[in-house]
Each structure stands twice: as C-alpha cells, then as structure tokens.
Amino acid sequence: MTSVDPLRPRLPSPLQEVSDDRFAARGLRLLLKRDDLIHPELVGNKWRKLAPNLTAAGGRTVVTFGGAYSNHLRATAAAGRLLGLPTVGVVRGQELAGRPLNPSLARCAADGMRLHFVDRSAYRRKSEPDTLAAVLRAAGAEGAYVVPEGGSNSEAVRGCRALGEELRGRVDVAAVACGTGGTLAGLAAGLAPGQRAIGIPVLRGGFLTAEIRSLQRRAFGGPRGNWRLDERFHFGGYARVTGKLTAFAEDFEHRHGIPVERLYVAKLLYGLVALAREGAFPRGTTLAAVVTGRPFP
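Residues numbered from 1 in each chain as written. Predicted model: local features only at pLDDT ≥ 70, side-chain atom pairs only at ≥ 80, totals over all residues. Heavy atoms only, no water.

I keep staring at the packing of helix H8 (residues 182–190) against helix H9 (residues 208–220) and nothing clicks. Help me out?
How two helices pack is summed up by the angle between their axes together with the distance between the axes. Interaxial distance between H8 and H9 falls to 9 Å at its minimum, and their mutual angle equals 55 degrees. In terms of axis orientation, H8 runs oblique to H9. Pair H8 / H9 crosses with right-handed handedness. Counting all contacts with H8, which are made through Gly182, Leu184, Ala185, Ala188 and Ala189, the residues of H9 involved are Ile212, Leu215, Gln216 and Phe220. Within the contact of H8 with H9, the residues separate by chemical class into seven nonpolar, two polar and no charged. (Axes fitted to C-alpha atoms, helices over the stretch in contact; angles between N-to-C directions. Helix = DSSP H or I, 4+ residues; strand = E, 2+ residues; numbered from the N terminus. Parallel < 35°, antiparallel > 145°, perpendicular 65-115°, else oblique. Left-handed = near helix turned anticlockwise from the far one by under 90°. Contact = heavy atoms within 4.5 Å. Nonpolar A, V, L, I, M, F, W, Y, C, P; charged D, E, K, R; others polar.)

Rendered as structure tokens:
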C-alpha cells in the first residue's frame, strides 16, 4: 500500500466565521469550511477523495479522467509527482491532441502526468467495460488503478465522510457545490442526527440525486444522512460563468478578503445568499459553506 503521509495535509481544515450582513440581517451565522487550505496542491475535496484512492492504488499507475480544465486531473498529477506514482490523464476531446496545451493541462504534464486524448463519443462511454479496456490499452495503461472522473467512487465517498464528522456539533446546515456528487454523499454520511446538508450542482441535467444515492449505496450499503439538492444555481452548466456570477464573486472577495473559485465555490455562495434571502433557514441557524477549491492559476 502507498502511504500518503508525505503529502502532509492540514486536517481538520479550519472553520472560519465571516461577518456578512446578508446573513446576519436574517439571524444567520455563516462559517467557511476552508478545505482549500488542506494542501497547497491537492486543494479542497481533492485531498479527501484522492487520498484513499492513492492508498488503494498500492504503487500502481493511476489512470483518471477529465476535461481540458479539470481540477481533478491537476490534483492527481500533483499527487503523482509528490508520491512518485506514474499517472495517466484521459482527456475528453481528441481534437485537443494536436493543439498547444492550455495552462491546466500544461500543469498536469509538468507534474509528470502522461496525457491521452480520446474522442468525445468514447469518453461518454468510458464506464462501459469494453470501452474502458480499449482506452487503457490505447493509453498503454493496462493493469493500472482507475479513478473515475471527478474522483467519486466508494473510496472517495468514505474519505469525504470525515468532512461531515469535522462539522459535528459545529453547524446546523452544511452546504457544498456538487460536480459528480461524491463529496456531498460523504459529507451527509458524516454529519450527526439533526444536521443536514445541501448540495448546489454546478451542472445541468438533474441526474445527481440518483448518482448520490448510488454512491452512498456502494460506499455504505444504503442511504446516509439528511441531504437535498438545489439545482437553480448552475448558471448555465459546468464551466459557465456569467457576468452576474463574476460580479458576485468579486464582491465576496472584496467583503471578506478570500479568493473565490468561480466554477464551484462562487455558485455555492451565490446559492446560499439567495436561499437566505428567500427565508429558507430559520433565525438562529448556523451555516457552513465548504470551500472546495481556489482560483487557478
């Protein structure tokens, strides 16, 4: 088994209260769960998801998947460099193979990750056994340890349970932005009875409820915790950032001096402000917003 001790995470991550009149005026407290401070390169929920998978890899090559700007690919590449593990990133979009690498993929390559580009049709079918086997053969990575896109599998969900456990007795509601749903699945499982979790999906599609239930079933044998999704704050879908969202994030940064990652964290915070304005939380509620990342580069 591979030890992840050399990565030296900062755990539990800090819980920081911020004074924000949009919450205080409604009798609410807002705390930021600073998972962005866990590790300088495996930021936020990437540490919680990757650490158990890197241990399970047992020194084998790690293959994982992502788009051209994937935070998950960058974190996996950084972990591979720090631990001396070979990594392969299967990137969505064969058309990117002949182009100069963008800053995100260039960082992956600089950290030693071998990039393998696949066409979008095959990428959509990557969970099918035959397609996965063909991709691994083409990438020269047969026998590798495979981590799914976004890192969400049973190991990752069990790793994220610690996030909820760190918030026990500290908050009433914990909220997190959701891509593949693994962080919310684990967070909800770790909370104590009486606490609840809210997920803010950053993708359109309405598929996450079933996926989170499936993740919890595979990780724990059945449903865990009190959680729900609010799917109104994706701003058009993954990687979509409007002028309105940018203005909101810049205002939050100015108010609190905290950098706000746009694709996930800004949508989470915007959603919580909207929910507070709608009266979704009774007076006296303490909210925690999980800061799962920071801006790149």
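Please explain the packing of aromatic side chains as it appears in this structure.
When we look at a pair of aromatic rings, we describe it by the centre distance and by the angle of the planes. Considering all chains together, one arrives at six aromatic pairs under this definition. With 5.3 Å between their ring centres and 75 degrees between their planes, phenylalanine 248 and tyrosine 270 make a pair best called edge-to-face. Here tyrosine 270 lies in helix H11 (residues 265–277) and phenylalanine 248 lies in helix H10 (residues 243–256), a separation of 22 residues in the sequence. Tyrosine 270 shares its class with phenylalanine 248; the two are buried. By the ring-pair criterion, three or more aromatic residues cluster together here, those being Phe233, Phe235, Phe248, Phe252 and Tyr270. Here the guanidinium or amino end of arginine 74 rests over the ring plane of phenylalanine 296, the centre of that ring lying 3.7 Å away. Over the aromatic face of tyrosine 123 sits the side chain of arginine 92, whose NZ or CZ is 5.4 Å from the ring centroid. (Phe/Tyr/Trp six-rings, centres within 6.5 Å; stacked < 30°, edge-to-face > 60°. Buried < 20%, exposed > 50% of the residue type's maximum accessible area, 1.4 Å probe, protein only. Lys NZ or Arg CZ within 6 Å of the ring centre and 35° of its normal.)

Teacher, can you tell me more about the side chain of histidine 116 here?
Its place among the elements puts histidine 116 in strand E5 (residues 114–118). Setting aside residues up to four positions removed in sequence, histidine 116 forms contacts with Val88, Gly89, Val90, Val91, Val135, Ala138 and Ala139.

Help me understand the environment of valine 290, please; the structure alone is not making it clear to me.
Inspection of the secondary structure assignment puts valine 290 in strand E10 (residues 286–290). We classify valine 290 as buried; its relative accessible area is 1%. For the pair valine 290 and asparagine 45, spaced 245 residues apart in sequence, the C-alpha separation works out to 9.0 Å. Dropping the residues within four chain positions of it, valine 290 is found in contact with Lys33, Asp35, Leu163, Ala175, Val176 and Leu268.

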